[in-house]
Amino acid sequence: MSRSSSRPRRALRVDQAIVTLLAFVLVSVMGGLLSAALVLPAVATTGQVTRAGTELFSDLPAELGIPEPSERSTILASDGTVLSTFYAENRIIVESEAIDADMKNAVVAIEDERFYEHNGVDLQGIMRATVNNLTGGALAGASTLTQQYVKNLLIEQGRRSGDAEAIEGAVETSLGRKLREAQLAIALEQQQSKDQILTGYLNIAQFGPSVYGVESAAQHYFNHSAAEMSVAESALLAGITQSPARWDPVAHPDNAEVRRNLVLDNMLRLEYITDEQHEEAVGTPVEEMLDVTYTQNGCGAAGNAAYFCDYVVKELLANESWGESLADRQGMLYRGGLTITTTIDLERQAAAYETVTANVPVTDPSDIRMALSSIEPGTGRIQAMVQNTNYGPPTETDQDATLINLNVGTDRGGGNGFLTGSLFKTFTLVEWVNSGHSIRDRVNATDRMFPRGEWNISCAPELRDNYEPGNLESGLGAANGMVTVRDATARSINTPFIEMAADMDLCAILDTTAAMGIDTQANGTEMMPRPSMVLGTNQNTPLQIAEAFATLAAGGVHCDPVAILEVTDSAGNDVPVPPSNCAEVLAPEVAAEVTTALESVVQPTATGSNAVLEDNRPAAGKTGTANADAAAWFSGYTPQLATAIWMGHIDSNESMFDSTINGQFHPEVYGGLYPAMVFSEYTNRALEGEPVLQFPDATANRPSTSDDDDEPSVAVPDVVGYSVDDATTLLERAGFEVSVGAERSSEWRAGGVAASSPAAGSSAPRGSTVNIYPSSGPASEEPSSEPPTTPDPTTEPPDEDEDEDPTTEAPSGGDD
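Residues numbered from 1 in each chain as written. Predicted model: local features only at pLDDT ≥ 70, side-chain atom pairs only at ≥ 80, totals over all residues. Heavy atoms only, no water.

Draft legend 1. Molecular detail of the overall build of the protein. Across its full length, the protein carries 26 helices and 26 strands. Looking at the 816 residues of the protein, the share that counts as buried comes to 54%. For the protein, restricting intrachain contacts to residue pairs at least 6 apart in sequence, the fraction spanning at least 24 positions comes to 72%. (Helix = DSSP H or I, 4+ residues; strand = E, 2+ residues; numbered from the N terminus. Buried < 20%, exposed > 50% of the residue type's maximum accessible area, 1.4 Å probe, protein only. Contact = heavy atoms within 4.5 Å.)

Draft legend 2. Quick peek at the state of the cysteines. Counted under the stated rule, the structure contains three disulfides. Between C299 and C309 runs a disulfide, and the two sulfur atoms are separated by 2.1 Å. Residues C299 and C309 share a disulfide whose torsion about the S-S bond is about -75 degrees; that sign makes it left-handed. With a gap of 10 residues between them, C299 in the loop between α15 (286-289) and α16 (306-317) and C309 in helix α16 connect regions that are remote in the sequence. Accessibility expressed as a relative area gives 5% for C299, which makes it buried. What pairs with C459 in a disulfide is C507, and their sulfur atoms sit 1.9 Å apart. Linking C459 and C507, the disulfide has an S-S dihedral of approximately -90 degrees and is accordingly described as left-handed. Placement of the pair is C459 in the loop between β11 (442-444) and β12 (482-484) and C507 in helix α22 (residues 506-515), with a sequence separation of 48 residues. The exposure class assigned to C459 is exposed, which follows from its relative accessible area of 51%. (Disulfide = S-S within 2.5 Å.)

Draft legend 3. Summary view of the pattern of salt bridges. Per the stated rule, a full pass over the model turns up 21 salt bridges. The shortest N-O distance in the salt bridge between R114 and D122 comes to 2.9 Å. Comparing R114 with D122 shows no difference in burial state: the two are buried. A salt bridge links E315 to R412; the nearest nitrogen and oxygen atoms lie 2.6 Å apart. One end of the pair, E315, is in helix α16; the other, R412, is in the loop between β8 (405-409) and β9 (414-415), and 97 residues separate them in sequence. In this structure, E315 and R412 share a single accessibility class: buried. Put simply, E89, R91, E156, R159 and R335 are held in one network by salt bridges that share partners. (Salt bridge = Lys/Arg side-chain N within 4 Å of Asp/Glu carboxyl O.)

Draft legend 4. Looking closely at unusual backbone geometry. Even without glycine at this site, S210 takes up a positive phi of about 60 degrees. Within the secondary structure, S210 sits in the loop between β3 (206-208) and β4 (211-212). Exposure remark for S210: the relative accessible area of 48% places this residue in the partly exposed category. Not every positive phi belongs to a glycine, and D367 is a case in point at roughly 60 degrees. Tracing the backbone shows D367 in the loop between α18 (346-359) and β6 (369-375).

Draft legend 5. Structural view of the packing of helix α12 (residues 231-240) against helix α13 (residues 253-269). Contact geometry for α12 and α13: axes closest at 8 Å, N-to-C directions at 110 degrees. By the angle between their directions, the pair α12 and α13 is classed as roughly perpendicular. The two elements α12 and α13 meet at a crossing, and its hand is right-handed. The segment α12 lies against α13, with V231, A232, A235, L236, A238 and G239 engaging A256, R259, R260, V263, L264 and M267. Residues of the contact of α12 with α13, tallied by class, amount to nine nonpolar, one polar and two charged. (Axes fitted to C-alpha atoms, helices over the stretch in contact; angles between N-to-C directions. Parallel < 35°, antiparallel > 145°, perpendicular 65-115°, else oblique. Left-handed = near helix turned anticlockwise from the far one by under 90°. Nonpolar A, V, L, I, M, F, W, Y, C, P; charged D, E, K, R; others polar.)

Draft legend 6. Representation of α16 in the model. Look at α16: 16 Å from first C-alpha to last across 12 residues, which is about the 16 Å you get at 1.5 Å a residue. The element α16 is extensively covered by neighbouring structure, given that 11 of its 12 residues are classed as buried. If you check which residues of α16 are buried, you get A306, Y307, F308, C309, D310, Y311, V312, V313, E315, L316 and L317. (Expected span 1.5 Å × (residues − 1).)

Draft legend 7. Summary view of the packing of aromatic side chains. On inspection of all chains with the given rule, the structure shows 11 aromatic pairs. Considering the side-chain rings of Y221 and F222, the 6.3 Å spacing of their centres and the 50 degrees angle between planes classify their relative orientation as tilted. The buried category is assigned to Y221, whose relative accessible area is 0%. Both rings, one in F450 and one in W455, keep their centres 6.0 Å apart while their planes meet at 40 degrees; by these two values the pair is tilted. Judged by its relative accessible area of 0%, F450 falls in the buried class. Judged by its relative accessible area of 2%, W455 falls in the buried class. Taken together, the ring pairs connect F424, F427, F549, Y637 and F695 into an aromatic cluster. Here K194 stacks its cationic end above the ring of F115, 4.5 Å away from the centre of that ring. (Phe/Tyr/Trp six-rings, centres within 6.5 Å; stacked < 30°, edge-to-face > 60°. Lys NZ or Arg CZ within 6 Å of the ring centre and 35° of its normal.)

Draft legend 8. Structural context of the nonpolar core. With 91 residues, the main nonpolar core has I340, L429, W455, L552 and Y637 as its most contacted residues. Listed in part, the 47 residues of the second largest apolar core include Y149, A235, M267 and M289. (Core = buried A, V, L, I, M, F, W, Y, C linked by side-chain atoms within 4.5 Å.)

Draft legend 9. Looking closely at the sheet that holds strand β23 (residues 737-740). In spatial order, the strands read β23-β26-β24; together these three strands make up an open sheet with mixed pairing. Edge positions in the sheet fall to β23 and β24 (753-757), since each of these pairs with one other strand and no more. Looking at each pair of strands side by side, their axes are set apart by 25 degrees on average, direction ignored. Note that β24 and strand β26 (residues 769-774) share four bridges and pair antiparallel. Paired with V753 across the bridge in β26 is P774. (Pairing = 2+ DSSP bridges.)

Draft legend 10. View of the confidence of the model for the protein. Across the protein, the average pLDDT comes to 85, with 82% of residues at 70 or higher. Note that residues 1-12 has pLDDT below 50 and, in this model, 12 contacts with residues that lie over four places away or in other chains. (pLDDT = per-residue confidence, 0-100.)

Draft legend 11. Examining the side chain of T623 more closely. Note on placement: T623 falls in strand β17 (residues 620-625). According to the relative accessible area criterion, T623 is buried, its value standing at 0%. Polar contacts involving the side chain of T623 include one to the side chain of K622, which spans 3.3 Å. (Polar contact = N/O pair within 3.5 Å; in protein donor to acceptor, adjacent residues only side chain to side chain.)

Draft legend 12. Up close: the side chain of K104. One can find K104 in helix α5 (residues 101-111). In this structure K104 comes out as buried when scored by relative accessible area, which is 12%. In this structure the side chain of K104 is engaged in a polar contact, spanning 2.4 Å, whose partner is the side chain of S96. Aside from chain neighbours lying at most four places away, what touches K104 is S96, I99, D195, L198, T199 and L202.

Draft legend 13. Structural detail: the environment of E593. Looking at the secondary structure, you find E593 in helix α24 (residues 588-599). Each C-alpha atom of the pair E593 and V433 lies 7.4 Å from the other, and the pair is 160 residues apart in sequence.

Draft legend 14. Expanded view of the environment of I204. Within the secondary structure, I204 sits in helix α10 (residues 194-204). By relative accessible area, I204 is classed as buried at 4%. Linking I204 and I93, residues 111 residues apart in sequence, is a C-alpha distance of 8.3 Å. Excluding its chain neighbours within four sequence positions, the residues that come into contact with I204 are P69, R91, Y149, N152, L153, E156 and Y212.

Draft legend 15. Up close: the packing of helix α11 (residues 214-222) against α12. Relative orientation of the contacting elements α11 and α12 amounts to 120 degrees, with a least axis distance of 11 Å. The way α11 lies across α12 gives a crossing that is right-handed. Where α11 approaches α12, its residues V214, A217, A218, Y221 and F222 are matched on the opposing element by E233, L236, L237 and I240. Taken together, the residues of the contact of α11 with α12 break down into eight nonpolar, no polar and one charged.

What follows is the structure in structure tokens.
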């Protein structure tokens, strides 16, 4: 049998058949139209052509709407270090000058060697492909680079708009699509230079699985830019675009080498390279050329800053200026080619992570977690955000991994927050000073019941209830009798803070708390103004607490937390970011006096003794321990940095009693232990080399005294039963300031004084404030016209259900 007769008949693929049909249509139906269009597209509608030809080219677009290809976005640390990359298509757009000439020559040599001779549609190429396909030569298409560019642009336009039909229309195998593609290619050639078209193609083409554009391809395969391509590298990349999976040099190096060498042969034939360059490139094994680097998509690439990265993404996607819908905003992030510069300080971030995990390791058998947020006072810039878990969904090998950010609330990818315990006493202290009282005031530390009638909750009176908190039986937190507010803060004694809160409106305390940054619980629900809130029954997050304490560190100036410094698009234009809002919410003297009280916590003999800093650097802060040691806190600050640390279990209020942490057994775990230690270790590292700054002097706004805690004291007169005016006169004569509080129900007639704080007979410094509370009459009976014959202001109320004390105190130091 002859060779010709033994050769199997070859069937044309659909696309080759369409090329043949297209050639026939263009030549037979349109006559001389195509030739005229290729030479002088502007005169394509002449009387020499048929109606079909006129309809095809008479509507050439005056200007093509060329979409910007999707480009990956990058999140940076404050120093410009890349944290993470986001992309729908891993692409980096570059200018023509950033693409090596060998790369341009290589793609022309293999894809469209007549690129510089045709005007968008190559008639010779069509005819050559037709002859090949009909006579049994190598099967060939006839799309020019310009047509391929048009096709890719139409696909990209469909992807960006989410239009599946447009994508399908751009790739369908039909004569109509080929004709439309040819029409747009001719129009594009009238509007852009050859170099612009070639650069556009190289930026949009796919060069491998999840690799788009020549710059991303160069970085992926060779770990350098497209401006530094060798001849061999250029040929290798140019060969991939025909079939990115088949010619992938990583998965199929042998296939890729065959294809590369074909490109090199074409380059030699077209005189783009010399014989010597060809020989050298062909002789280079593909495996030796590769230095593959993978660009991880998302926050997993950010290492110990992954949770901060996740917070940044949530901030961006919540920014309505980016688009009306979430899909629009996600499109900005994953396709917009943005450069997002954040506030994170990588040195402080590393210090935070290393300190947290050194104290409570990620894999600690206790399953106890710790989270830390650190903020720059006066700007709100987040400096560090860490936790001792691995970022990601749980896996068989890491069942404790989580996507939940323990530092933030549910609206930013976090959880429901944690009970704050005695740390929340801080906000009663702030409102106490803010309302005109002093940290030198003496308040009663003796355990007692606080009946519902003593509570002023103007915004939710239905939440008034009896409350009996109790103090420790021993240690720093144990107390009876009168103590100064400052001493009560240093020792974290419960009852004095309940006394202080009962002298004020609980709603006013929460208003001040909100002004400092804590306006909701972690899950977005309202803060509840119950008496027990004073000892931390609302659930909050480390970032909220750090934000509020930063307000004190900044002298009363509150700043919203800021994670993003700047966002620019691929052209360098600014993109709107969440604003940074700062405002004075406390008078500087109020913040200074509160800081003085909180400085007494961070002392060798106080509850925060483990938080003392090196180099005599002053610090202020507060410990907190929730009921049954379910959560332990420390939040502290210097003038340069405010930090909050929480530890506990993620999913429940499980007790930390009898825990072995990092190999050490602890019968109790409280805020003055690990959280205070971590604050000290982290802050010492974070501020290493920074100047030691002092807090403002609070005494500048006080009456001059020799010793705050040793004021000359006198007995508080008994004014119960007197009118408010008479009681005021008696107290002022004794040397006290007078504050009139909310009315309380009592056995005294309405308008008389029902109680005072400090109580009658107590010892208090001259010049301090005594609060008096007018009576509103008996709670359930008609008011008596006369007071009882022997009134007893300490009469116990009837037994009632009590709120649970939300703090369990450590025996060795106050509540912690």
